[in-house]
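Observations on the model geometry
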There are 4 protein chains.
Amino acid sequence: MAEPPNREQSDGCHADETLLRSMIAQLSNWGRWGVDDQRGTLNFIGPAQILAARECIRTGEVVSMTLPYDSAGPQIGGIGRNNPQLFPLATGTDYLAGRQDPLPGSWGPARGMGYADDYLVTPTQVGTQWDSLAHVFFDGCMYNGRSAAEVDSHGARHNGIENYHGRLVSRGVLLDIPRLLGIDHLAEGTPITVELLEAACEQQAVEVRTGDALVVRTGFLEHRRSDWGDFGRGGDAPGLSLHTLPWLHEREVAAVATDTWGVEVRPNEIGFFQPFHIVGLTHMGLAIGEIFDLEAIARASAADGHYDFFFCADPLPLTGGIGSPVSALAIR
Amino acid sequence: MAEPPNREQSDGCHADETLLRSMIAQLSNWGRWGVDDQRGTLNFIGPAQILAARECIRTGEVVSMTLPYDSAGPQIGGIGRNNPQLFPLATGTDYLAGRQDPLPGSWGPARGMGYADDYLVTPTQVGTQWDSLAHVFFDGCMYNGRSAAEVDSHGARHNGIENYHGRLVSRGVLLDIPRLLGIDHLAEGTPITVELLEAACEQQAVEVRTGDALVVRTGFLEHRRSDWGDFGRGGDAPGLSLHTLPWLHEREVAAVATDTWGVEVRPNEIGFFQPFHIVGLTHMGLAIGEIFDLEAIARASAADGHYDFFFCADPLPLTGGIGSPVSALAIR
Amino acid sequence: MAEPPNREQSDGCHADETLLRSMIAQLSNWGRWGVDDQRGTLNFIGPAQILAARECIRTGEVVSMTLPYDSAGPQIGGIGRNNPQLFPLATGTDYLAGRQDPLPGSWGPARGMGYADDYLVTPTQVGTQWDSLAHVFFDGCMYNGRSAAEVDSHGARHNGIENYHGRLVSRGVLLDIPRLLGIDHLAEGTPITVELLEAACEQQAVEVRTGDALVVRTGFLEHRRSDWGDFGRGGDAPGLSLHTLPWLHEREVAAVATDTWGVEVRPNEIGFFQPFHIVGLTHMGLAIGEIFDLEAIARASAADGHYDFFFCADPLPLTGGIGSPVSALAIR
Amino acid sequence: MAEPPNREQSDGCHADETLLRSMIAQLSNWGRWGVDDQRGTLNFIGPAQILAARECIRTGEVVSMTLPYDSAGPQIGGIGRNNPQLFPLATGTDYLAGRQDPLPGSWGPARGMGYADDYLVTPTQVGTQWDSLAHVFFDGCMYNGRSAAEVDSHGARHNGIENYHGRLVSRGVLLDIPRLLGIDHLAEGTPITVELLEAACEQQAVEVRTGDALVVRTGFLEHRRSDWGDFGRGGDAPGLSLHTLPWLHEREVAAVATDTWGVEVRPNEIGFFQPFHIVGLTHMGLAIGEIFDLEAIARASAADGHYDFFFCADPLPLTGGIGSPVSALAIR
């Protein structure tokens, strides 16, 4: 384990730190799946969960929960992230101008043929995405007690996003909080509490089980869609309360995803930055998905009353990656 | 339709051109699903196919068919493509050195917290990938008669890879040709014929149906895995014969994927570059997947004798993208 | 010469087009230095000019005219350009965390040694820069009648910025227009006329000669420095009048640079976009420098009354590049 | 000063370490120009040096010492560096295909006008380049005792390459060692000693003075130009001996540049990696230039017998950059 950086105790947050450390002590999954584990709560997903998820495929409908990756995305500046850029290596306009000869054997435009090709330059956490277990550190460590030193300029030696690849398939459950409350979207700063989660389960006639991917809608992405503001750079947002973590822990939820930039409510509820991440991601090893676009799945779920589905939102195996964009699908 | 670039007739390939144009006339799906269609043969996938695919989930096992995206990949130079690069925006080593203060509210290392973040720079066709229907042109056009001019420095105005998003879920069928032949891998230049496909179907007790994703193993990726050579830049390879296209057309196959860089056999069978792409991708609108890693699925299929599975290999919605990396999963 | 794209005549700009074409006919340098020339007015610079420039080195002072390349730059969104990004390949924090072993022979941190390295991702026209002669087209052509088709996804086959390399050394002359007028900066939309240029020459006791690099200060960059607004994406700006081109042509100026994003006044004076570029860059082959930071050279020139200097602002030989960032120096 | 990483003493290199530390003690310039200095030996360049350099402009000839930045460069894989890539934002082929309307006011192709634009993606040390004083660490520190911790994912807080901007103008002296020896190029592993430097000064009738940029030719770049091999990734090379540092120190040389990837001879002369960098760059603060293309300047110098020139090789002010590509010019 790494030497932690110096920590100066702020008097005002003594109680906050006590709370945080108490939650860590209570909820930590370090060692639970072995000292070498790099998958955290995705270990809750096994064949039984996938077979159960299969039963949620009822109509053969596929609903995307991924926001398109393009210049209309939410990364409008700040913290070094830009919206994704595609750069061409070859274009149709080149081809039309006769610029693609010679292809091998002079088989390009002179014989009718041409092609296009391109490059992608993007933050891994640019839009709909999973955080890897290498994303957040506390007291010098990431998930399972690995030193933060293992995340350097060459990427994450452990806990990289490749460890999630092939594992983000399970039963998905949508809890639509604005629908529960009869509003369009939750306001910035609104915490989603255990009470709200349970009320949504009841209203939406769905239960949360071991290994589920819990998808919580706030409506906030839809609210900001045409005018992102600080959505992509850490602004205030509704989101899960820190105090839902024991509930998620008890239910053995494998993953939680929301339609906000950071899953948890902002401003934060205690005097630590992103405490839900500190306890949930770093210590529970909970898979966290962000900037999911839940408009379509909310509509589909409301239409037929089924709030569970076959959840397939598997990240790219970017070796050592801190996150990954993802095609997130609800198959119903 | 765009004005095609000048084409100079080569005497020697008159018969080849006649063949090519005859196949195009016979197999083209332009207009079949409307003049605005951008999905081609993925239209063969509908709720019925997905419900049928559900029945292929038998044990709850998930098998990845994606090659890791990293510096060990096959892009070792040539045609402008490099292996993917991940560049850090924030690292654990920065955090340990106390470099992440101030986070908001000075909540960084001084209170124990830190984070990592990164950027991805990659060709979209760097490894396991789908070609979009904007990837190949013939006679000035791409799929469905759209002008190649629509693919410019801003990407593909039509037929971009985002049109495949949410559509690459169906029943998958593996045909393991080396297993059929009792060899490790097919040699460069070996065409996979209709006879081989049918023999594999028979040996492997599986049939190909409307809307299927046909996954054809050559063993070639495994053969080159530790020493790629020209694998990533258009070298000779085994692959599907041009003459399998009528068979694929008749069976209404939605997608075909192989463990080679370009699906079709190289050197090409006639005097055109990548004629399977010209006829299949550009005119049939057939979804083409490349550089799938089929070692694990071949082993799993051989073990229990099931060669069909729930196929989920859905691309990222990269607006205007020519291709996309993909998490390709066989759920069994 | 390439086939030009279709041009639809707008009734209202018939007179404008007549003017534009008349200027082109009068000022074009196509063929002047041979049909293969790719340097345009930089041909005015020869040994005599450099020897004359040498005489402008009077005190041994070096003054930078380059804006730093970093996230504080003017590219705050729009037209696909972002401010430059530096991504690390290796950092001091990695090294301190012991992450750089093994260097060859285990000679890294275990023996005290470490290193840093990085990648640059930047638009070539991100800040202080030269346009290449491949930057602007008219009637299907770029400078010297080369087809626009020569500028494709592989860069500029002709007229790329590498043709300027080793040529942007000459006598520089600063004309400080706000100083002439006794104001801080020119307002958006203010054209700098021949009369103003001549008055500045007189007030500032300097004459413009064959082969000079003419540096014209508007004060606009300084005005916008802390709040760029639309500076980097084509907003209104003061700048050179189209009607200064005959004057520049007659004086055989080699290059002109300003402290604005596009040299010429915006909104444009006639019904064509950037007509100074169309006539000056595309037809005269005039070297155009943009976003030069002239605050320091203005101060130095005012202090000792010398408005000429040894001008060294030589671009990188980026083969096929459309522009280049540059270290622009006034050596006095 | 930072806490150094652990150093394990290797028995075999005790004498080497004694030598290294003795040279550091003897040659260090830390503090010489103040505790805040970030320019090192470039402080030797002042107005007097520039005025003296002016006298080296004899004929008005400009000779480039920069290798073109393109796909033919030496970065053929290894240590994360690729050759530079230019990606288009806009092309002539797009324009010819009518794809650039609307420009503002529909002033694009419909009125005859179009443009090209591009992006540069490159390691900063890809070819002809300066190392910044943030490039190499020893015992936890970089030049002037700054902690290596100051070089993180955001770049170099101190000693970044922007500190060299506007300073790399001085008198240049070429010492052509292969010419001295009557050979084409020095072989890998050949150290250039003080004796060779002095013999070259004598043969080439030039003396080295305070503030000079010393340019040492090995011929090695020319030897490898068409077949780079391991040139760009740390292979064996001829180069300056570690033991020339006292000579350079005594002469108050401001900068040293060679036509090799790393200035110093490889394999290294003692049991430390790149000891010339450890002593010269990190402790003396000596400006180090690499991969200079010296073929043309060698020919020009031999032709007229003048081995000194006006040296202008000023880096881009890439804020926090570890290195910079450069237009390196000899003005004669």
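Quick notes on the rules
- All chains use their own residue numbering, which begins from 1 and follows the written sequence.
- Chains carry letters and ligands carry numbers; both start at the beginning, A for chains and 1 for ligands, and go up in the order they are written.
- Under the rules for a predicted model, residues below a pLDDT of 70 receive no local features and side-chain atom pairs below 80 are neither given nor counted, while totals for whole chains, interfaces and linings still include all residues.
- Each side-chain value is derived from all of the structure's non-hydrogen atoms; neither hydrogens nor water enter the calculation.
- Contact between two residues is taken to exist if any of their heavy atoms lie within 4.5 Å; hydrogens are not considered.
- Summed over both partners, the accessible surface that disappears when two parts come together, traced with a 1.4 Å probe, is what is meant by buried area.
- Here, a salt bridge means any Lys or Arg side-chain nitrogen found within 4 Å of an Asp or Glu carboxyl oxygen.
- Polar contact is the term for a pair of N or O atoms within 3.5 Å; when the atoms are in protein, one must be able to donate a hydrogen and the other to accept it, and sequence-neighboring residues count only if both atoms are side-chain atoms.
- In this description a helix means any DSSP run of H or I spanning at least four residues, a strand means any run of E spanning at least two, and both kinds are numbered starting from the N terminus.
- Superposing copies: least-squares fit, C-alpha atoms only, residues required to have pLDDT of at least 70 in both.
- Where each domain begins and ends is defined by an automated method or by a domain database.
- Classification of residues uses two cut-offs on accessible area relative to the type maximum, computed with a 1.4 Å probe and protein chains only: under 20% is buried, over 50% is exposed, and between them is partly exposed.
- Classification of ring pairs rests on two measures: the distance between centres of Phe, Tyr or Trp rings, Trp counted by its six-membered ring, which must be within 6.5 Å, and the angle between planes, read as stacked under 30 degrees, edge-to-face over 60 and tilted in between.

**A short note on the interface of chain B and chain A**
In this assembly, 96 residues from chain B lie in contact with 96 residues from chain A. Counting the surface lost from both chain B and chain A, the interface buries some 7,600 Å², and carbon and sulfur atoms represent 67% of this. Here chain B is connected to chain A by two salt bridges. Here Arg81(A) and Asp117(B) are joined by a salt bridge, their closest N and O atoms 2.8 Å apart. The interface formed by chain B and chain A holds 40 residue pairs in polar contact (both at pLDDT 80 or more) in total. Residue contributions to the side of chain B that touches chain A peak at seven residues, all from strand β4 (residues 117-123) of chain B.

**A closer look at the relation of the copies chain A and chain C**
Aligned on chain C, chain A shows an RMSD of 0.0 Å; the corresponding rotation is 180° and the shift along the axis is 0.0 Å. Such a combination of turn and shift is consistent with a two-fold rotation axis. Of all interface residues in chain A, 100% are interface residues in chain C too; the two copies therefore contact each other through one and the same surface.

**Here we look at the domain arrangement of chain A**
If you check the domain split of chain A, you get domain 1 (19-78 + 123-331) and domain 2 (85-121). Placing the centre of domain 1 of chain A and that of domain 2 of chain A at their C-alpha centroids yields a distance of 40 Å.

**Structural notes on the relation of the copies chain B and chain A**
Put simply, the second copy of the chain is the first one after a rotation about an axis and a shift along it. The operation relating chain B to chain A is a screw motion whose rotation component is 180°, with 0.0 Å of axial translation and a residual RMSD of 0.0 Å. In this assembly, 100% of the residues forming the interface of chain B have copies in chain A that are likewise at the interface, indicating an isologous arrangement.

**Here we look at unusual backbone geometry**
With an omega of 5°, the peptide bond running from Arg266(B) to Pro267(B) counts as cis. Within the fold, Pro267(B) resides in the loop between β13 (255-258) and α8 (275-284). Residue Ala205(C) is not a glycine yet carries a positive backbone phi of 55°. Classification of Ala205(C) as exposed rests on a relative accessible area of 70%. Positive phi is not limited to glycine here, since Glu252(C) has a value of about 55°. Mapped onto the fold, Glu252(C) is located in the loop between α7 (245-251) and β13 (255-258). Judged by its relative accessible area of 24%, Glu252(C) is partly exposed.

**Structural notes on the packing of aromatic side chains**
This model, assessed by the stated rule, comprises 36 aromatic pairs over all chains. Relative to Phe231(A), the ring of Phe220(A) has its centre 5.7 Å away and its plane inclined at 25°; by these criteria the two rings are stacked. Here Phe231(A) lies in the loop between α6 (220-224) and β12 (239-240) and Phe220(A) lies in helix α6, a separation of eleven residues in the sequence. Classification of Phe231(A) by relative accessible area gives buried; the value is 1%. Ring centres 4.8 Å apart and planes at 45° place the aromatic pair Phe87(B) and Tyr119(C) in the tilted group. Of this pair, Phe87(B) sits in strand β2 (residues 85-90) while Tyr119(C) sits in strand β4 (residues 117-123), placing the two residues on different chains. Of the two residues examined, Phe87(B) and Tyr119(C), each falls in the buried class. Here a set of aromatic residues connected by ring pairs shows up, and it is made of Phe87(A), Tyr119(A), Phe87(D) and Tyr119(D).

**Focus on the pattern of salt bridges**
Tallying each qualifying case throughout the model produces 92 salt bridges over all chains. Ionic pairing is found between Arg299(C) and Glu295(C), a salt bridge with its closest N-O pair at 3.4 Å. Placement of the pair is Arg299(C) and Glu295(C) together in helix α9 (residues 295-304), with a separation of four residues, close to one helical turn. A residue is classified by how much of its surface remains accessible, and Glu295(C), at 31% relative accessible area, is partly exposed. Via salt bridges that share partners, Arg58(A), Arg171(A), Asp212(A) and Asp308(A) belong to a single interconnected network.

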